[in-house]
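# Examination of the molecular architecture
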Amino acid sequence: MIAFENLEVRYAATSAPALKGLTLSLDRGIVGLLGPNGAGKSTLLKTLLGLLAPSMGSGTVLGVALDAAESAKLRARIGYMPEYDALIEDASAYEQVAFWGELSGLAPEAARDRAHEVLYFVGLDESRYRPVSGYSTGMRQRVKLAQALVHSPELIFLDEPTNGLDPDGRRRMLDLVLRVHAELGTGVILASHLLGDVERVADQLVILDQGQIKAAGSMAGLRKALAKRVELRFLDPLDAAQEAALSELGAVLEARNGLYDLELTEADPRGAFRWAEGQGATLVQVTPRHDRLDEVLLRALHPQTGA
Amino acid sequence: MPIYAPTLPPAPDLHLGQPPVLVLMRFDFTRLWRQKIGRFFGFAFLMLLLWKVARIYVDHLLHTNEAFKPMQDFAKTILTQGADFQADLLNPASYLLWFLVALVGGGLVARDTLYRVRPLMYAHPVAPKDYLLAKLGFASLLPFTILLPFAILPWLMSLLLAGFHGPVWATAPLRLLPAMAIASALMGSLAVGASSMAATPRAGIGWVLGLVLGASTLASMIHGLTGIAAVDALNPIMLAEAWPQLFVGVERPMVAWLPAFLGTALHIALWTFVAAKRTRPSEAVI
């Protein structure tokens, strides 16, 4: 779906790179794009949309090279739902979704038909004829999603799709995102600060910071690679010398009643058994402490300090 | 509780659509239609058009009806004649037309800025030049469309009443249409340039009026101080009125050919440049 090789993007020839050395390959699916403010998420989306040309390296989106000549063709195959309210306030949802459909290349009549279908798909029925200035936040977000879907793109970029939604509206929006991928086969790039949203829908994750990729891959793989936190249970309590030697395995986070929470130096916890054998201790249980996504993110951003 | 459709039908063909420039212009027209500001202007311009057409009939009567013979000389002293009359056909109400262009054109780009839809347009297969061309095209077509009946209807009336020897020259449309096109392009580019500098449609109206009246005042002041008449070419109102005069060959046009050409080129280039800069994709903050 998306592939980069040593991609570098600058806003001006003399400015510092906003993205540097990005090498990445993503399969079709739902990709969560995470990172703090200024990490380069928006720059990456602009580059993927063909609004910014790479200053170095190469990349393809849906098999189309990222260069100015091909960018218009590429944008016809991509849908974009912006974070902010990019709605035409004096027009109804139906009018503006049809308008965006026409801008994407649909014939006027087809765009009008499609606007009805896609607004129905996102759950806006009779209200689609009202000016959007009277819509609730949830309805506005659905109109934005509808305009991104009206031309049946192969890939959509969703920038903070659940912004300002109540828990029920958030659940409905995420359900729609899942349906878009599952029923329409559309690839999704979901940029969000709400880690719970990403955790719920994404099957791949890219963590950006300071214009560089800090971690990328499948959610499960990423968790596994980063999950070095384990709980060790020994048959007998360790003596003082053994406890002191535990630091050979990694940082001891907590010790209580024969249980030790460790941040292992190596990802493979089997080394703990070898260590116990060498120390004459009996290790009876190693429990991986499955990290929450915020811990994964923090660890990727600050590897030297851990989560 | 919203009712969700089971799923979306298959994708329609994306290759049958109209060019983005046309889609954008049509959408702006729909917006204008919804604003309903055309009622006042429609009435005002219709009255002016009726006056122009009636004038042709009156002129015909003065020349053909013996009963009106005594009034002919008097009419010649109060009504424009010859080339001035031809040029005057396009001068229904210069300020009224500028005001309409400010009202409509002032919001053309500013409304997109206010609603933040321009970045979203650029996320579609719309190039910045498409956007600029659509806005300039719409803002220029509006005054051109309003002026068109003023060039055509009196000419048709004259042809019907008196053939090729009527008060309106048989070649008048050939002279007036290019003049209209230039004046409309001037109005359109100025309106779009001004609108691109505004953050709201109301501010856009202010920008257009400010630039038009400001440039006019500046030109008048410099003219008054230096005595150089060519400086009037900075005045967009005067330029728009001068082009029909130049094309029909009025004896004393408001602005001569060369200053008119340079002044118009300067305005169109400057305001198109401003609009292009203000609507470039780097302004499209996602």
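In every chain, residue numbers begin from 1 and rise along the written sequence. In the order they appear in the text, chains get letters beginning with A and ligands get numbers beginning with 1. Confidence filtering applies because this is a predicted model: local features only for residues at pLDDT of at least 70, side-chain atom pairs given and counted only at 80 or more, and all residues used for totals across whole chains, interfaces and linings.

Another point: the interface of chain B and chain A. By a widespread convention, an interface's size corresponds to the accessible area lost as its parts come together. Once C-beta atoms have been placed from the backbone, residue pairs whose C-beta atoms lie within 7 Å are recorded as contacts. The interface is formed by 34 residues belonging to chain B together with 38 residues belonging to chain A. Across the side of chain B that touches chain A, the residue classes tally to 26 nonpolar, five polar and three charged. Amino acids outside the nonpolar list (Ala, Val, Leu, Ile, Met, Phe, Trp, Tyr, Cys, Pro) and the charged list (Asp, Glu, Lys, Arg) are all regarded as polar, and Gly is one of them.

A few words now on unusual backbone geometry. All names here are of chain A. Positive phi values are uncommon outside glycine, yet Asn6 reaches one of about 50 degrees. Within the secondary structure, Asn6 is located in strand 1 (residues 2-9). With C-beta atoms placed from the backbone, a residue is labelled by how many other C-beta atoms lie within 10 Å of its own: buried for 20 or more, exposed for 12 or fewer, partly exposed between the two. For Asn6, a count of 13 C-beta atoms within 10 Å corresponds to the partly exposed category. Residue Glu160 is not a glycine yet carries a positive backbone phi of 50 degrees. Secondary-structure assignment places Glu160 in the loop between strand 7 (155-159) and helix 6 (167-184). What counts as a helix is a DSSP run of H or I of at least four residues, what counts as a strand is a run of E of at least two, and both are numbered from the N terminus.

So, on to the pairing of strand 8 (residues 187-191) of chain A. On any regular strand, side chains alternate: one points to one face of the sheet, the next to the other face. Residues and elements named next belong to chain A. Burial runs high along strand 8: five of the five residues are buried. A two-sided burial pattern is seen for strand 8, the buried positions comprising Gly187, Ile189 and Ala191 on one face and Val188 and Leu190 on the other. Strands qualify as paired when DSSP identifies two bridges or more between them. Two elements, strand 3 (residues 30-34) and strand 8, share four bridges in a ladder whose sense is parallel. When the bridges of strand 8 are listed, Leu33 appears paired with Ala191. For the crossover from strand 7 across helix 6 to strand 8, the handedness is right-handed. When the strands point away from the viewer and the connection leading from the first strand across the helix to the second strand turns clockwise, the crossover is called right-handed.

This part covers the packing of helix 9 (residues 172-196) of chain B against helix 10 (residues 201-226) of chain B. All names here are of chain B. The N-to-C vectors of helix 9 and helix 10 enclose an angle of 125 degrees; their axes lie 8 Å apart at closest approach. Relative to helix 10, the element helix 9 lies oblique. Every pair of crossing elements has a handedness; the one defined by helix 9 and helix 10 is right-handed. Contacts from Leu190, Ala191, Ala194 and Ser195 of helix 9 reach helix 10 at Gly204, Trp207, Val208, Leu211 and Val212. Tallied by class, the residues present in the contact of helix 9 with helix 10 amount to seven nonpolar, two polar and no charged. Here, axes are lines fitted to C-alpha atoms. For helices the fit covers the stretch in contact, and angles between N-to-C directions go from 0 to 180 degrees. If an angle is under 35 degrees, it is roughly parallel; if it is over 145, roughly antiparallel; if it lies from 65 to 115, roughly perpendicular; otherwise it is oblique. Handedness of a helix crossing follows the sense of rotation of the near helix relative to the far helix, less than a right angle counterclockwise being left-handed and clockwise being right-handed.

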